[in-house]
Structures are given as structure tokens and as C-alpha cells.
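Fold and contact review
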Amino acid sequence: MRKISGLSRRQLLLSSSIVSVGVLLAGAASATPAPAPQSAVTSAQAGDVVVTNVEFKKNDITLAGNVYYPKGFDRNQKYAAIVVVHPGGGVKEQTAGLYARKLAEEGFVTLAFDAAHQGASGGMPRFVDDPMKRVGDIYSAVDYLVSLPYVDAERIGALGVCAGSGTTVKAAMTERRIKALGTVSAVDVGAATRKGWDGKAAESALIETLDAVAKQRSAEAAGAAPVYVNYVPKIGDTTAPRDLQEAADYYLTPRGQHPNSTNQMLMTSISTLASFTGFEGAETFLTQPLLMVAGSEAGSLWHSQELHAKAASEAKELFIIDGATHMDLYDGDGSSVAAQKLAPFFKSNL
């Protein structure tokens, strides 16, 4: 059995907290990631919505996005705008793009973008997952929106899906240009890394994995090749939590599969995931109107419940879709129900 920095791969995969997040499940490690794909600059019609590829800067990194324009769009008018943030391991063309399109159909200008080091965005090394860096990506996305002459800078909202919710919540606490916030199947990926997918794992169980990460960082500092691990399990892996088995069905089949979503993450990113505190400070700094949408059968529901309890927002609601799992809200009927709730929320608050 192959050893990774002194810890067997099987031990690493079965680490109770990390396996619950789904970042270390199954699949061979890789030392040769593909270069960042390039986004072709094009516009396309999607029903009544026009989608245009755009690029914007985050310091010296170029981020790739898609802007969705509503029916009858007029550049001489001012529109409310919404930033849509994709899940960990995802890209803008998947569920984030779906919600961006649905909200554009309701009259908003929306922006879905690839996080730095992911998808068609720049950033080296590839497949870094550092939630605080993703918070910075959101700042830059808002910078881009306020630069557009047809966006009303006083009417900007944000929507995060899964781990994108945790980073969006964190960003909204200090990014006061975000005037309203929505979450779908919210996950604070730091809490999930430390406590497991269902929030019940002993946090101390993570220490062995962090020891392995430390050894890998030292090895890479001495010139060793990086190690990459997977976000979601293989299809049919029944040892994973139900939500993550369904995540494999989404990300690894034609249902949601996209060539820029490679199911790879740098192993050393585990330390940055573990240190992230997405909801810390929400009781003081999260004051914007807040709508959380989650499934009653989602193993991740505890994140939305915790956020609802903590947020200082005077206007806040936890909308639970009966019978829905975490992944049911990524597409299909679940996403339609969620969007039907989100659209009037943003209209009332932007």
C-alpha cells in the first residue's frame, strides 16, 4: 500500500473528519495537474438570458467569469446585481451558473466566476483550496461589478452554494457593498473539515491527517512533487455519507460533469481548510438581510441552522425544503424551488 508522508493512503482516506468533507475520498493521487483552461470570449443565448464570458483581476491573477444579462437588457439602465459563488471543487458552468441564469431570468445582472487556482481562472499552483483566498476572490468580483456602468453599486447581492456559502458569508461580514445574502445547501468548510460532514466527529481525529499534511509540505519544500486528492468519492462508494455519494453522481456523470471541474485538490490545502472559520463573527458583523435554503434530509443542514442562530441580521430566514438532500438543490426541481424563494428575497432587499 502506497504511503503518503508517513500515513497510509487508506488511513488518510478514512480520517473521520476529512472523509466527511469528501476531499480525500478514493482515486489515485496525481502529481501532474493540467494547466488552467482558457475561457473563450463569447456570448451565447440561454432562453431569454444572454451569457457573456468576462475576465477581471484579483491582484496579479486573472479570474474568469460569466455575466448573465436579463431579457431586454439596456446598458443605459441601472440593474441590481448578484455574485454567485460555486462550491468547492466546482466551476462557474455548474450549479453556480444555473442559479446565475435563474436569477437573471428574474431581472438581475448576475456574475458566476471560477475561484483563483480553479477552472478557467489563473493562479499557480493549480487546485489550491484556501477559503480565505476565495473570500478575496469575492471582494474582487464585487470590484468588477461596481465598475460596470449598468450595475447599481448600492444594489449588489451575493449567493453562495455549499462551500461557496461559507466563503460568501465570511466575505459579506467585511464586504459592506454586499447588501443582501443568500445561501443554498450552506457549508462552512472549515467546520466540516474539523467536525465531519454531519458535525459529530471528534475534532481531535483530524490531528493525524494534519501531521501527514505537515510532512507533505516539508517534502514539497525539499523538492518533492505535490500530491493531489479528490473532492468526491468514486461513483458507487457506499462508505461515504449519502450527500457525498450524491455529489459523485453530480460531478462525475453527465448530470453536472464539466471538463474544468477535475475533482482534484492539493493535499496541503487541508491545513487551510481546517483553519477556516466561516461563520465566526456572524453574531456581530453579518447584519445584511439573509436567506438560507437547505434540504430537510441534508447531512449539511446543521450549518444553515447554526448560521440562522448566529447571524446578527434582523431580517433572516431559514427556508427548509421538505424531503430534499444537499445535492437536490444543485439542479432539477430542488434548484427551481430554491430559486423561486431567492428571487423575491433579492428583489425585496436590493
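Scroll up to find the structure.
Residues numbered from 1 in each chain as written. Predicted model: local features only at pLDDT ≥ 70, side-chain atom pairs only at ≥ 80, totals over all residues. Heavy atoms only, no water.

Describing the environment of Gln 118
Mapped onto the secondary structure, Gln 118 falls in the loop between β7 (109–113) and α4 (131–147). Separated by 55 residues in the primary sequence, Gln 118 and Leu 63 have C-alpha atoms spaced 9.1 Å apart. (Helix = DSSP H or I, 4+ residues; strand = E, 2+ residues; numbered from the N terminus.)

Some remarks on the packing of α4 against helix α5 (residues 163–174)
The interhelical angle for the contact between α4 and α5, taken along N-to-C directions, is 60°, at an axis separation of 9 Å. With respect to α5, the element α4 is oriented oblique. By crossing handedness, the relation of α4 to α5 is classed as right-handed. Counted together, Pro 131, Met 132, Arg 134, Val 135, Ile 138 and Tyr 139 of α4 and Thr 167, Thr 168, Lys 170, Ala 171 and Thr 174 of α5 form the full contact between these two elements. Residue composition of the contact of α4 with α5, by class: 6 nonpolar, 3 polar and 2 charged. (Axes fitted to C-alpha atoms, helices over the stretch in contact; angles between N-to-C directions. Parallel < 35°, antiparallel > 145°, perpendicular 65-115°, else oblique. Left-handed = near helix turned anticlockwise from the far one by under 90°. Contact = heavy atoms within 4.5 Å. Nonpolar A, V, L, I, M, F, W, Y, C, P; charged D, E, K, R; others polar.)

Quick notes on α5
When you tally the buried positions in α5, you get 11 out of 12 residues, the bulk of the element. Buried residues of α5: Ala 163, Gly 164, Ser 165, Gly 166, Thr 167, Thr 168, Val 169, Lys 170, Ala 171, Ala 172 and Met 173, and no others. (Buried < 20%, exposed > 50% of the residue type's maximum accessible area, 1.4 Å probe, protein only.)

Here we look at the pairing of strand β9 (residues 178–184)
With 6 of 7 residues buried, β9 lies mostly within the body of the structure. In the sheet, strand β8 (residues 151–161) pairs with β9 via 6 bridges, with the strands oriented parallel. Note that in β9 the partner of Ala 158 across the bridge is Leu 181. Handedness of the crossover joining β8 and β9 through α5: right-handed. In terms of strand pairing, β9 meets strand β12 (residues 290–295) through 4 bridges, oriented parallel. The residue of β12 that forms the bridge with Val 184 is Val 293. (Pairing = 2+ DSSP bridges. Right-handed = clockwise from strand over helix to strand, strands pointing away.)

Let's talk about the sheet that holds strand β3 (residues 43–46)
Spatial strand order, β3-β4-β5-β7-β6-β8-β9-β12-β13: 9 strands in an open sheet with mixed pairing. Unpaired on one side and paired on the other, β3 and β13 (316–321) mark the two borders of the sheet. Pairs of neighbouring strands in the sheet enclose a mean axial angle of 25°, with direction left out of account. Bridge count between strand β6 (residues 79–85) and β8: 6 bridges; the pairing is parallel. Paired with Ile 82 across the bridge in β8 is Gly 157.

Considering unusual backbone geometry
Backbone torsion omega between Met 124 and Pro 125 reads -5°, so that peptide bond is classified as cis. Mapped onto the secondary structure, Pro 125 falls in the loop between β7 and α4. In this structure, Phe 127 takes a positive phi of about 70° despite not being glycine. One can find Phe 127 in the loop between β7 and α4.

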